[in-house]
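# Remarks on the overall topology
Take a look at the letters that make up each chain.
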Amino acid sequence: MTEALPTRKAVRLRGRSFLALVLSPELPFGEWLTQLDDLARRSTGFFLGRPIVLDVAGLPITREQLADLLAELTKRNVRVMGIEGALPSILAPGMPPEMKGGRNAADIEVPETPEGGAPAASQAKTTTDAPKTPDPVRATHVATTPSLLIEEPVRSGQSIIFPEGDVTVLGSVSSGAEVIAGGSIHVYGALRGRALAGSAGNANARIFCRKLEAELIAIDGLYKTAEDIDPKMRGQAVHVWLDDTVLRTVALAN
């Protein structure tokens, strides 16, 4: 009697690429970590949900120094997914795996604020121009919140980081792209990437978009991924705000 063998399902393998942020530390690590802390203060949420690759190529360091650096990054909630350019002798069990074959993408830089606290003219548009005949009462309440206007779509792999104020995008934000603002974010096209408003601790920041298809939305560190967003809101023009500790999303009237 011949016994029938059970049918086996084939294992499905698929390739997929992700955008990762590469950190390239410099010696001495203490000074470099101080600069990293300064970046984190100026752009809260900068490392939120980001896959991080640590590039130590060319650094004359020991296994112990690498382990200490990884521990310091962990304290700062910087989670390293892989290490690039490390000699095999300095990698130890329990460390992130070795990464190879990465392709360069656009650099990600945090805009610097000049001395005095005012953003550079090339980075922001402010409302400091007073009318020729200002109302003497209302003139004392003219808003001076800086803003950044992006007149073209934000493509995949690009990061717009503006911790000083609001960001307005006249086009769409592609999947794999992100906009990080200290104030509110306005997207007049489709929001398919990541939008992090209120990154400098502004719980009153808002997110507005013409079409919600986001990978992640966040205000003041509280966030929702694509899986957490109400399916009824997807594809809609929406308004997102922070209600105490709850991220609220409501469709805008046409």
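All of these numbers come straight from a predicted model, not from anything done at the bench. (Residues numbered from 1 in each chain as written. Predicted model: local features only at pLDDT ≥ 70, side-chain atom pairs only at ≥ 80, totals over all residues. Heavy atoms only, no water.)

Together, Leu 149, Leu 170 and Tyr 188 make up an exposed nonpolar region whose accessible area comes to about 290 Å². For Tyr 188, the position within the fold is in strand E9 (residues 185–191). Among the residues examined, Tyr 188 registers a relative accessible area of 51% and is labelled exposed. (Patch = residues over 30% accessible without salt bridge, like charges linked within 9 Å, V, L, I, M, F, W, Y side chains within 5 Å. Areas by Shrake-Rupley, 256 points an atom, 1.4 Å probe, with all protein chains shown as cover. Salt bridge = Lys/Arg side-chain N within 4 Å of Asp/Glu carboxyl O. Helix = DSSP H or I, 4+ residues; strand = E, 2+ residues; numbered from the N terminus. Buried < 20%, exposed > 50% of the residue type's maximum accessible area, 1.4 Å probe, protein only.)

Let's shift gears to the nonpolar core. In this structure, Val 167, Leu 191, Leu 212 and Ile 217 are the most contacted members of the largest nonpolar core, which totals 29 residues. Sequence-distant contacts of Leu 212, defined by excluding residues within four places in its chain, comprise Leu 191, Ile 217, Ile 229, Met 233, Arg 234, Gly 235, Gln 236, Val 238 and Thr 249. With 23 residues, the next largest nonpolar core counts Leu 21, Phe 29, Trp 32 and Leu 91 among its residues. (Core = buried A, V, L, I, M, F, W, Y, C linked by side-chain atoms within 4.5 Å. Contact = heavy atoms within 4.5 Å.)

Moving on, we get to the pairing of strand E7 (residues 166–169). The two faces of the sheet receive side chains in turn, since in a regular strand these alternate between them. Sheet topology places strand E5 (residues 147–150) next to E7; four bridges connect them, and they run parallel. Note that in E7 the partner of Leu 149 across the bridge is Thr 168. Pairing of E7 with E9, which is carried by three bridges, proceeds in the parallel orientation. Bridge pairing in E9 places Val 167 opposite Ile 185. (Pairing = 2+ DSSP bridges.)

Read across the sheet, four strands follow the order E1-E2-E3-E4 without closing on themselves; strand pairing throughout is parallel. In this open sheet, the two strands that pair with only one neighbour each are strand E1 (21–23) and strand E4 (98–99). Examined bridge by bridge, E1 and strand E2 (residues 52–55) share three bridges and lie parallel to one another. Across the sheet, residue Leu 23 finds its bridge partner in E2, namely Leu 54.

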